[in-house]
Amino acid sequence: MAAAQARRIERVADEELIERAVSRGDRAAFELLYERYFPRVYAFVARRMSNRADVEETVQEAFFGVFAGLASFRGEGAFAAWVLGVARRTVAGRFKKRQHATVPFDEMSEAESFDGGTPGRHREATPLEHYECEERLARLQATAERELNAEQRRLFELHHLEHVPIHEIAILVEKSADSVKSNLYRARRLLLSG
């Protein structure tokens, strides 16, 4: 029976299910979309959250967002990408709700205001900060692979990731320091535009 249901889910195109759900209010059409995309959305959310109850609640919230916004899907891109975009925004929204209270600046001790807190002690990043950092890093990596040539990537890695001074990079790649600076400038502009 499960195999027959899986075949039934795969046979109907997303566009037809969306049209039936939006124009006719066909609950069965939305349920088919839910069954089709639930595993992907669940896996997506589970990679970003550690508590199973939070994952399940967030997945349900994401599908509520999919259902509520289904009429706004314009079909300009893949429906799967749109659904995962709703899930991503739902996860980000959940992290924002959990932001911890901040300590007003005037309540900090004098020692904390000068040295940033206890020596050797670092503030733990919030789940939202981790998530945003991962998202930003993924976008930068994709842009670097897509937009930068091999030389620009190498120069960027040497200077910004390995902290090699420009004059040493120039010697290493047998180019002038101005040429290295120019290539780094172009690489940074391409990365920032992505």
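In what follows, the structure referred to is the one given above.
The following paragraphs examine the structure supplied in this document. (Residues numbered from 1 in each chain as written. Predicted model: local features only at pLDDT ≥ 70, side-chain atom pairs only at ≥ 80, totals over all residues. Heavy atoms only, no water.)

As a further point, take the packing of helix α9 (residues 166–173) against helix α10 (residues 177–193). Put simply, α9 and α10 touch, their axes get as near as 8 Å, and they point 105° apart. Taken together, the axis directions place α9 and α10 in an arrangement best described as roughly perpendicular. The segment α9 lies against α10, with Ile166, Ile169, Ala170 and Val173 engaging Ala177, Val180, Lys181 and Leu184. The residue makeup of the contact of α9 with α10, split by class, is 7 nonpolar, no polar and 1 charged. (Axes fitted to C-alpha atoms, helices over the stretch in contact; angles between N-to-C directions. Helix = DSSP H or I, 4+ residues; strand = E, 2+ residues; numbered from the N terminus. Parallel < 35°, antiparallel > 145°, perpendicular 65-115°, else oblique. Contact = heavy atoms within 4.5 Å. Nonpolar A, V, L, I, M, F, W, Y, C, P; charged D, E, K, R; others polar.)

This part covers the side chain of threonine 58. Relative to the helices and strands, threonine 58 resides in helix α4 (residues 52–69). There is a polar contact of 3.0 Å between the side chain of threonine 58 and the side chain of arginine 94. (Polar contact = N/O pair within 3.5 Å; in protein donor to acceptor, adjacent residues only side chain to side chain.)

Running from N to C, helix α2 (residues 14–23) and helix α3 (residues 27–46) cross one another at 140°; their axes reach a closest spacing of 8 Å. When the axes of α2 and α3 are compared, the pair comes out oblique. As α2 packs across α3, the resulting crossing turns out to be left-handed. Contacts from Asp14, Leu17, Ile18, Arg20 and Ala21 of α2 reach α3 at Ala29, Phe30, Leu32, Leu33, Arg36 and Tyr37. For the contact of α2 with α3, the class distribution of residues is 8 nonpolar, no polar and 3 charged. (Left-handed = near helix turned anticlockwise from the far one by under 90°.)

Moving on: unusual backbone geometry. Here histidine 163, not a glycine, exhibits a phi torsion of approximately 60°, which is positive. Within the element layout of this structure, histidine 163 appears in the loop between α8 (150–161) and α9. Relative accessible area serves as the criterion here: at 63%, histidine 163 is assigned to the exposed category. For glutamate 174, which is not glycine, the phi torsion reads 60° and is therefore positive. Within the element layout of this structure, glutamate 174 appears in the loop between α9 and α10. For glutamate 174, a relative accessible area of 73% translates into the label exposed. (Buried < 20%, exposed > 50% of the residue type's maximum accessible area, 1.4 Å probe, protein only.)

Here we take up the nonpolar core. Among the nonpolar cores identified, the biggest contains 31 residues, and Val41, Val45, Val66, Leu70, Phe79 and Trp82 are the most heavily contacted of them. Contacts of valine 45, omitting those with residues within four sequence positions, involve Val55, Thr58, Val59 and Val91. In this structure, Val164, Ile169, Ala170 and Leu184 belong to the second largest nonpolar core, which totals 8 residues. (Core = buried A, V, L, I, M, F, W, Y, C linked by side-chain atoms within 4.5 Å.)

Purely geometric numbers; function is a separate question.
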